[in-house]
Amino acid sequence: VLGVAALTEVLQDQVSADNQASIRNLVPSLEKIRAYRGRGGEVVRQAACTLLGHVAAASSWTFKEATSIRYLQTIDECARHSSDAIQVAAADALRTLAAKRFKAELVSKCIDNYLAGLRKPDETIAARRGFVLCLGALPASALGDRGSEVIAVLAREIKGQELPCKDQDDPQTRQY
């Protein structure tokens, strides 16, 4: 998957339309066969996020809005993952996807989704970390008049006030 992502980045203008479709459908195919489970699942998940970012960055490729929505589902799922490497890969893919392919309505939906996740009282600390990363990955210009709302929620997260699960055992949080 990482090899396909690297080739997509380098050879994007030389890939045929049929191969473009196959590459665009690779991540949903991985999910269908449950490649994220078992040994190596985390590595495959991280590689899938990298591929999503490279496909979104391929400006010469056709890209439907439905593809953006489908890719966003994968990114949202990876943002909730407990591994910080997967969360960072998801945020990187979201940064590219939002800047190059999203319409304003889809960015607004992302903001609503991540803010709602941060407002949920029973959300895990790992998921909260992923939501914060994804909010930071969105283009500042896309936040528009909601910038102050996003900043207020992020400031509350930084202070750690009203965190739902003070007794959650989270090694990532304990390291600081």
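These numbers were taken from a predicted model, which means no experiment stands behind them. (Residues numbered from 1 in each chain as written. Predicted model: local features only at pLDDT ≥ 70, side-chain atom pairs only at ≥ 80, totals over all residues. Heavy atoms only, no water.)

**Observations concerning the overall build of the protein chain**
In step 1: In terms of helices and strands, the protein chain carries 11 helices and zero strands.
In step 2: Expected size for 176 residues packed as a compact globule is a radius of gyration near 16 Å; at 17 Å, the protein chain falls within 12% of this value.
In step 3: Overall, the protein chain is about 50 × 40 × 25 Å in size when its C-alpha atoms are taken along their principal axes.
In step 4: By the burial criterion, 45% of the 176 residues in the protein chain qualify as buried.
In step 5: Taking as baseline every contact in the protein chain between residues at least 6 positions apart, the subset at least 24 positions apart corresponds to 72%. (Helix = DSSP H or I, 4+ residues; strand = E, 2+ residues; numbered from the N terminus. Rg over C-alpha atoms; globule rule 2.2 N^0.38 Å. Buried < 20%, exposed > 50% of the residue type's maximum accessible area, 1.4 Å probe, protein only. Contact = heavy atoms within 4.5 Å.)

**Section: helix H8 (residues 125-137)**
In step 1: The end-to-end C-alpha distance of H8, which contains 13 residues, comes to 19 Å, matching closely the 18 Å that a straight helix rising 1.5 Å per residue would cover.
In step 2: When H8 is considered as a whole, its buried residues turn out to be Ile125, Ala126, Ala127, Arg128, Gly130, Phe131, Cys134, Leu135 and Ala137. (Expected span 1.5 Å × (residues − 1).)

**Focus on the packing of helix H7 (residues 104-119) against H8**
In step 1: Here H7 crosses H8 at 150°, and the two axes come no closer than 9 Å. The pairing of H7 with H8 is recorded here as roughly antiparallel in orientation. By crossing handedness, the relation of H7 to H8 is classed as left-handed. In this structure, H7 contributes Ile111, Tyr114, Leu115, Gly117 and Leu118 to the contact, and H8 contributes Arg128, Phe131, Val132, Cys134 and Leu135.
In step 2: Here the contact of H7 with H8 is composed, by residue class, of eight nonpolar, one polar and one charged. (Axes fitted to C-alpha atoms, helices over the stretch in contact; angles between N-to-C directions. Parallel < 35°, antiparallel > 145°, perpendicular 65-115°, else oblique. Left-handed = near helix turned anticlockwise from the far one by under 90°. Nonpolar A, V, L, I, M, F, W, Y, C, P; charged D, E, K, R; others polar.)

**Looking at the packing of helix H4 (residues 41-57) against helix H5 (residues 65-79)**
In step 1: Interhelical geometry of H4 versus H5 gives an angle of 140° and a closest axis separation of 11 Å. Put simply, H4 runs oblique to H5. As H4 packs across H5, the resulting crossing turns out to be left-handed. Along the contact surface, H4 presents Arg45, Cys49, Leu52 and Val55, while H5 presents Tyr71, Thr74, Ile75, Glu77 and Cys78.
In step 2: Within the contact of H4 with H5, the residues separate by chemical class into six nonpolar, one polar and two charged.

**Brief notes about the packing of aromatic side chains**
In step 1: In the structure shown here, the tally under the stated rule is two aromatic pairs.
In step 2: Ring geometry for Phe63 versus Tyr71: centroids 5.7 Å apart, planes at 70°, classification edge-to-face. Just as Phe63 is buried, Tyr71 falls in that class too.
In step 3: Geometrically, the ring pair formed by Tyr114 and Phe131 is tilted, given 5.9 Å between the ring centres and 35° between the ring planes. With a gap of 17 residues between them, Tyr114 in helix H7 and Phe131 in helix H8 connect regions that are remote in the sequence. (Phe/Tyr/Trp six-rings, centres within 6.5 Å; stacked < 30°, edge-to-face > 60°.)

**Quick word on the environment of Cys110**
In step 1: Along the polypeptide, Cys110 turns up in helix H7.
In step 2: Separated by 12 residues in sequence, Cys110 and Ala98 have C-alpha atoms that sit 9.4 Å apart.

**Thoughts on H7**
In step 1: The terminal C-alpha atoms of H7 lie 23 Å apart, and with 16 residues this matches the ideal 22 Å at 1.5 Å per residue to within 8%.
In step 2: By the burial criterion, the buried members of H7 are Leu106, Val107, Cys110, Ile111, Tyr114, Leu115, Gly117 and Leu118.

**Notes on the pattern of salt bridges**
For side chains bearing opposite charge, pairing can occur when the charged atoms are close.
In step 1: The full count for this structure, using the stated rule, is 11 salt bridges.
In step 2: Across the salt bridge formed by Arg45 and Glu77, the nearest N and O atoms sit 2.9 Å from each other. Here Arg45, found in helix H4, pairs with Glu77, found in helix H5; they are 32 residues apart in sequence, far enough to count as distant.
In step 3: Residue Arg45 is classed as buried on the basis of its relative accessible area of 11%.
In step 4: Across the pair Arg95 and Asp92 runs a salt bridge, and its minimum N-O distance is 3.1 Å. (Salt bridge = Lys/Arg side-chain N within 4 Å of Asp/Glu carboxyl O.)

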